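Below, each chain spelled out in residue letters.
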Amino acid sequence: AQSVTQLGSHVSVSEGALVLLRCNYSSSVPPYLFWYVQYPNQGLQLLLKYTTGATLVKGINGFEAEFKKSETSFHLTKPSAHMSDAAEYFCAVSEGSSNTGKLIFGQGTTLQVKP
Amino acid sequence: GAGVSQSPSNKVTEKGKDVELRCDPISGHTALYWYRQSLGQGLEFLIYFQGNSAPDKSGLPSDRFSAERTGGSVSTLTIQRTQQEDSAVYLCASSRELQETQYFGPGTRLLVL
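Analysis parameters
- Residues numbered from 1 in each chain as written.
- Chains lettered and ligands numbered in written order.
- Predicted model: local features only at pLDDT ≥ 70, side-chain atom pairs only at ≥ 80, totals over all residues.
- Heavy atoms only, no water.
- Phe/Tyr/Trp six-rings, centres within 6.5 Å; stacked < 30°, edge-to-face > 60°.
- Helix = DSSP H or I, 4+ residues; strand = E, 2+ residues; numbered from the N terminus.
- Buried < 20%, exposed > 50% of the residue type's maximum accessible area, 1.4 Å probe, protein only.
- Pairing = 2+ DSSP bridges.
- Axes fitted to C-alpha atoms, helices over the stretch in contact; angles between N-to-C directions.

Peer 1: Now, about the packing of aromatic side chains: what can you tell me, with residues and values included?
Peer 2: Within a pair of aromatic rings, the relevant descriptors are the distance that separates the centres and the angle that separates the planes. All names here are of chain B. Per the counting criterion, the structure on display carries 14 aromatic pairs over all chains. Consider the rings of Tyr35 and Phe45, whose centres lie 5.9 Å apart with planes at 70°: the pair is edge-to-face. Taken together, the residues Tyr35 in strand E4 (residues 31-38) and Phe45 in strand E5 (residues 42-50) connect sequence positions 10 residues apart. The pair formed by Tyr35 and Phe45 is uniform in burial state, with each residue classed as buried. Seen from their ring centres, Phe45 and Tyr48 are 6.0 Å apart, and the 55° between their planes marks the pair as tilted. A relative accessible area of 8% places Phe45 in the buried class.

Peer 1: Any chance you could break down the sheet that holds strand E6 (residues 56-58) of chain A for me, citing the residues and the numbers?
Peer 2: All names here are of chain A. Within the open sheet, the 5 strands sit side by side as E1-E3-E8-E7-E6. Their pairing is antiparallel. Two strands in the sheet have a free side with no partner beyond their single neighbour: strand E1 (3-7) and E6. On average, each strand axis in the sheet is tilted by 20° relative to the strand beside it, whichever way the strands run. Direction of pairing for strand E7 (residues 64-68) relative to strand E8 (residues 73-78): antiparallel, over a ladder of 5 bridges. The partner of Phe67 across the bridge, within E8, is Phe74.

Dropping the structure here:
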């Protein structure tokens, strides 16, 4: 069975500071990994995803994440936080090698950006 | 083009009543998914449809929940005899094919009194 753990339900950073949101996964098969963002009262929007190939993936709004198989991690980073980055972030995994599309989500991390 | 749409955006119902939630996927997308987002359980997979294949119902929490997808497009999630613990935001997503990027709708916020 697959699972996702996001360390820290709330993260607070100052505007301009580094953003680091942690995600660890468990999967018995090669995973596909995703980060989604949810702004208040809105649906989920894909930030970036890893399927195969290059382990450092770049997404929208300056975010990137690195797939580290040895650490079973897929942490999300952004060099400089902006006020508009305040939202809830979800890491998710799906079974990359099997014929299924269902996503298993972490519990989410709320990012607060202080001026 | 148009994204995934869901209706209604909000639904208040009384315990024991049945509710139907609708999802209109992006045109041409063969896969459609339902998820539930609640305070206690986070984001949970419920069911997905892929083309003409049998749906994966492994995430449905009880037999009070069912879903159908007519004509390979619109989907309806039905909850019978609603309970207070069914209160949540129900999210629909679609993708062009399985394993491709899922695009989410805005959700239906269900409150069971």
